[in-house]
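Below, each chain spelled out in residue letters.
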Amino acid sequence: MNIETIRTEDGICLKGLFLEAKDSDRVCLFIPGCCGNFVDNDFMRIIGLELVKKNYNVLCANTRGSFMMNSSFHPQNLEKPKQIGVAYEHFEDCIYDIDAWIKHLILKGYKKVDVICHSSGSNKLIYYMNCDVQGKEFINNIVFLSPPDFANRIRCYNDYEDLLREAKENVESGNPNKLIKVHFFYKTSSSFLSMMSSKNFDNLPLVNGETKDFFQYTKIDKPISIIYGSEENYIKNYRDKLISFANPNTSVECLEIIGADHIYFGKEEIVGKQIASCLDKNYIQNSKIPFTLRKKLKNNKI
């Protein structure tokens, strides 16, 4: 295990945990969700180590949305660190983080990168795949772990309208950085308003969305594996949309892990084995046939 550090194009310093498999040219980039990080989220490390057993290198990456609040120092301005963490994060800035990590892996000598995204990390990668960025050309396969309709979940909170009102009042009174509590995390008033008004953030509207609302998701032309826990009804009840609204020229597979919750507690090794199986299968398919695989609906339960 090695701690590796990168600096994004806009000057943010981020750390990642690199898990190395000997004599392997395959690598996975593991992107966490809201507040997620390789320090606190043991499931990232356990899943990663299971992938190492299957001969995959794994980089468990922190993003500017890792932890609730954090700071990043720029080498040219050590006296004034920049505030990061989910409280201060602006969603669209995720492209700097993902692009920097992919370029880091390419510079290490890997030719292609398999990307694993947990929770709202999935929303970030969907947006990233729709941006004019260099790194996406190096992505080989995508695994979405528990991809959420995050925007709608927030709108369903009983105090959502009160949160909007409070955030607007704070901004209008000259306090855009005043923190508000959004269920299990904090946001500055201005970043909360920006997030909830962003179609880029609301790019997986499973509950109320129609075909046109999945335009970012539909554009992804890489093989996709979607894994979720049987306890996650807010995902499994809408799995048909994840299939039917995907790009018709790629493959999509949905897998349910029986007894698993959102962080796969006690099921981490099973998830790691399943991810490796999905990646191996797509690797074999892509090496033998043209990239014109059709969508397929599978009722697999592990």
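Being a predicted model, the structure only gives us computed values, none of them experimental.

**Some words on the side chain of N123**
With respect to the helices and strands, N123 occurs in helix α3 (residues 121–128). One polar contact links the side chain of N123 to the main-chain carbonyl oxygen of P148, over a distance of 3.5 Å. Residues within four places of N123 in sequence aside, it is in contact with F91, P148, F150, F201, N203 and L204.

**Let's talk about the pairing of strand β7 (residues 113–118)**
Of all six residues in β7, six are buried; the element is thus mostly enclosed. Neither face of β7 is open: one carries V113, V115 and C117, the other D114, I116 and H118, and all of them are buried. Examined bridge by bridge, strand β3 (residues 27–31) and β7 share four bridges and lie parallel to one another. What sits directly across from I31, in β7, is C117.

**A word on helix α6 (residues 189–196)**
Of all the residues in α6, the buried ones are S189, S191, F192, M195 and M196. Looking straight down α6, one finds its buried side chains confined to an arc of 165 degrees; they lie on one side. For α6, the secondary structure elements touched by its buried residues are α4 (150–155), α5 (160–172), β9 (179–182) and β10 (185–188).

**Some remarks on the packing of aromatic side chains**
How two aromatic rings sit relative to each other is set out by the distance from centre to centre and by the angle between their planes. The final tally for this structure, using the stated rule, is eight aromatic pairs. Pairing F184 with F185 gives two aromatic rings, centres 4.9 Å apart and planes at 65 degrees, and the pair type is edge-to-face. A relative accessible area of 0% places F185 in the buried class. Over the face of the ring belonging to F18 we find K108, whose NZ or CZ atom lies 4.4 Å from the ring centre. In this arrangement the basic side chain of R153 is found over the ring face of Y234, its NZ or CZ atom lying 4.1 Å from the centre.

**Considering the pairing of β3**
Among the five residues of β3, five are classified as buried, and the element is accordingly described as predominantly covered. What you see with β3 is no split at all: V27, L29 and I31 on one side and C28 and F30 on the other are buried throughout. Here four bridges tie β3 to strand β4 (residues 57–61), and the two strands are oriented parallel to one another. Each residue of the ladder has a partner; that of L29, found in β4, is L59. Handedness of the β3-helix α1 (residues 42–53)-β4 crossover: right-handed.

Thresholds, definitions, all that
Residues numbered from 1 in each chain as written. Predicted model: local features only at pLDDT ≥ 70, side-chain atom pairs only at ≥ 80, totals over all residues. Heavy atoms only, no water. Helix = DSSP H or I, 4+ residues; strand = E, 2+ residues; numbered from the N terminus. Polar contact = N/O pair within 3.5 Å; in protein donor to acceptor, adjacent residues only side chain to side chain. Contact = heavy atoms within 4.5 Å. Buried < 20%, exposed > 50% of the residue type's maximum accessible area, 1.4 Å probe, protein only. Pairing = 2+ DSSP bridges. Arc of directions from axis to C-beta. Phe/Tyr/Trp six-rings, centres within 6.5 Å; stacked < 30°, edge-to-face > 60°. Lys NZ or Arg CZ within 6 Å of the ring centre and 35° of its normal. Right-handed = clockwise from strand over helix to strand, strands pointing away.

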